[in-house]
Each structure stands twice: as C-alpha cells, then as structure tokens.
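Notes for the structure review
Here are the chains, one letter per residue:
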Amino acid sequence: MLRAVAVRGRPWRAVARYSTSAPQVYASASEVPLVRTDFDAEKRIWTLQFLGQETPDHRLTHAMIQQGLLPALRDVRRQWEQWVAAHAMEPGAALVTTAPVDSKFFSNGLDLPNAIRDRYFFNDCLNALIRELLTFPIPTVAAVTGHAFAAGCVLALAHDYRVMNAQRGYLCMNEIEFGAPIPRGMLGAIQSVATKAAQRKLLLEAHRFTAADAEAHGLVHATAQGTEATLHKAVALADQVRSRAAAGAWQSIKEALYADALAMQYEPPCAKPPLAL
C-alpha cells in the first residue's frame, strides 16, 4: 500500500518538498503514478521502483521516461551533487532499479506505435534516459526480476550492474522478429556491455537469455532464486559497490569508458511513419 508521499510534477495524494528521507512518487500529467523512489539513509541506497499503473508491463512510454524515470534519476543526481559540494561523499551511494516483486516483467520495452509516431522520441526520451544512466555519478544496479524485452533489455544493460531472477524472465532483443531496426542509441548501450558473440545472439538471433545464460555471456553479474531474492541480492550488491563513488570519479571514468556509446545517443530524428501507424 502506497502511503501519502511527495509527488514530483503533479499533485497526487500529497505534495511536499523533495527530501531524501521521504518516499517520492513521480506521476504523469494525467496524475497516473509511474515510479517511486525510497531512500535507505543508513546505506545511502535509493530504490527506484516501477509502479505498473500506466502499463502493467512497465513499458517505456513518453510519460514513463519524461515524467517518471528521468525526473527521479535527476533528483537523485542533484542530491549526490549536493553531497559532492559539501564534501560529504565518503560513504558513497548507489541506486537500485526494480519492478514490483509480483510482476512478471521488468520492462516489456517501448510503446512502439506511439514512439515511432514521434520523430524526436529517441533523442528526447529514450536516448536521454540511456545517457542519464551511462553518465550516472553513483553505481546503478538493475534488479531484473522478470522479462526484459527490447528497450526493456537495453534499460537493464544501461545500468552498471545487473542481478537477474533465475526462476522467471528472459533478456531478449526481439526486433528482428518484427522487422524493426535497432536505433543507434540502443545499440550503443548494448555495445557498452555485450561481447561481439553476445551481440550477435541478441540482435541477429533474438536469443532469449535465461539468467544462467545471461550470466555465462557476461550480461548479468549475479542471479537469484525468485523475485524477492533478486531484489535483496541487488540491494546487497549496491551496498557492496556504493563506496566506489566516494572519491568522486565514478561519472568521469564512465564517460571516458562509454565515450563511443554516448556519442551514439545523438541520432537524426527518425522519418515520420506512414499514416496507417
């Protein structure tokens, strides 16, 4: 049960000034709750959770990205920057992204018809989200509790670490099965993680990676038995790696490491689709 919390963007249940100590719900312009963040002050770990109220499979819609994920991530970034300015980085910090533990999906990708109707969607929405994650100043961990398809798979790969549920879910890029090209921004995120062999299986074979298969191919860092165990292991991993941000170089090293992938987040606006779409 969600409590009355602070909401970013639109009023919902209650409105309060952003605080790291209070849960934050980020709602759409139509007041649909999209994501929430909770903060463990002792460990300095944020948990960013999809709420599944706009789409039950947590699709990366315009609203989910622009009014949910990006504002949530940027609020966390602002808090970290305040700690940097105050020379209060020493404990480090980290962020875990998860779906609700009762959902069979981590994310089922884009709302494709609406995405391709907007010729600026990839630059203004999806690529902005990938760029935010690839340059995030603290470690990020995706708790892949269920299926992560297409752009949902890319969302997981754009995190620094991934823990995957061994009991349910696949990592899969299935665009080749319905004739969709891979946008440059998505490809950049994939190439920042996957080996050439894994890229081929992902992109040309639409291979459905189980947790064990994904770990064997270097796509995830750990597996766990069940959704709750996956989230717990992701939080434990975040606790283990959060100190890596304490010296303040996490973002700058990532920007150098992912320079090619970041350059791919800028692409010409796609052509307008046929009217039938």
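In this convention, every chain numbers its residues from 1, walking through the sequence in written order. Given that this is a predicted model, residues contribute local features only at a pLDDT of at least 70 and side-chain atom pairs are listed and counted only at 80 or more, while totals for whole chains, interfaces and linings are drawn from all residues. Where side-chain values are given, they derive from all heavy atoms of the structure, hydrogens and water being excluded.

1. What to know about the nonpolar core
Defined as follows: The term nonpolar core refers to a set of buried residues drawn from Ala, Val, Leu, Ile, Met, Phe, Trp, Tyr and Cys, joined through side-chain atoms within 4.5 Å. Burial here depends on accessible area, computed with a 1.4 Å probe over protein chains only, as a share of the maximum for the residue type. Under 20% is buried, over 50% is exposed, and the range in between is partly exposed. Numbering goes from the N terminus for both helices and strands, where a helix is a DSSP run of H or I of at least four residues and a strand is a run of E of at least two. Contact between two residues is taken to exist if any of their heavy atoms lie within 4.5 Å; hydrogens are not considered.
Formed by 79 residues in total, the largest nonpolar core has its most connected members in V35, L60, L126, I138, L171, L202 and L219. Per-element accounting of this core gives the leading share, 10 residues, to helix α1 (residues 62-85). Those residues within four positions of L202 in sequence are excluded, and the remaining contacts are C153, L157, M173, I190, A194, H207, F209 and L219.

2. Observations regarding the pairing of strand β3 (residues 33-40)
Test applied: Criterion used throughout: strands pair if DSSP finds at least two bridges between them.
Along β3, six of the eight residues are buried, which leaves the element largely enclosed by surrounding structure. Here four bridges tie strand β2 (residues 24-27) to β3, and the two strands are oriented antiparallel to one another. When the bridges of β3 are listed, V25 appears paired with R36. Joining the antiparallel neighbours β2 and β3 is a turn of five residues, in which E31 adopts a positive phi near 70 degrees.

3. Things to note about helix α8 (residues 227-241)
Stated formally: Helices are assigned an expected span. That span is 1.5 Å times one less than the residue count.
Compared with the 21 Å implied by 1.5 Å per residue over 15 residues, the 21 Å span of α8 between its first and last C-alpha is a close match. Buried residues along α8 sit against β4 (45-50), β5 (94-98), β7 (140-144), β9 (161-165) and β11 (222-224).

4. Focus on the sheet that holds strand β10 (residues 171-172)
One open sheet accounts for three strands, arranged β6-β8-β10; its pairing is parallel. Where the open sheet ends on each side, the last strands, each with one partner, are β6 (105-107) and β10. Bridge count between strand β8 (residues 147-149) and β10: two bridges; the pairing is parallel. The partner of F149 across the bridge, within β10, is C172.

5. Here's the deal with the packing of aromatic side chains
Filter applied, for reference: Aromatic contacts are taken between Phe, Tyr and Trp rings whose centres are within 6.5 Å, Trp giving its six-membered ring; a plane angle under 30 degrees counts as stacked, one over 60 as edge-to-face, and the others as tilted. Here, a charge over a ring means that NZ of Lys or CZ of Arg falls within 6 Å of the ring centre while also lying within 35 degrees of the ring normal.
What the rule picks out here adds up to six aromatic pairs. Ring geometry for W80 against W83: centres 6.2 Å apart, planes inclined by 90 degrees, an arrangement best described as edge-to-face. Of this pair, W80 and W83 both sit in helix α1, three residues apart, which is roughly one turn of the helix. Across this residue pair, the class does not change: W80 and W83 are buried. Here R44 stacks its cationic end above the ring of W83, 3.9 Å away from the centre of that ring.

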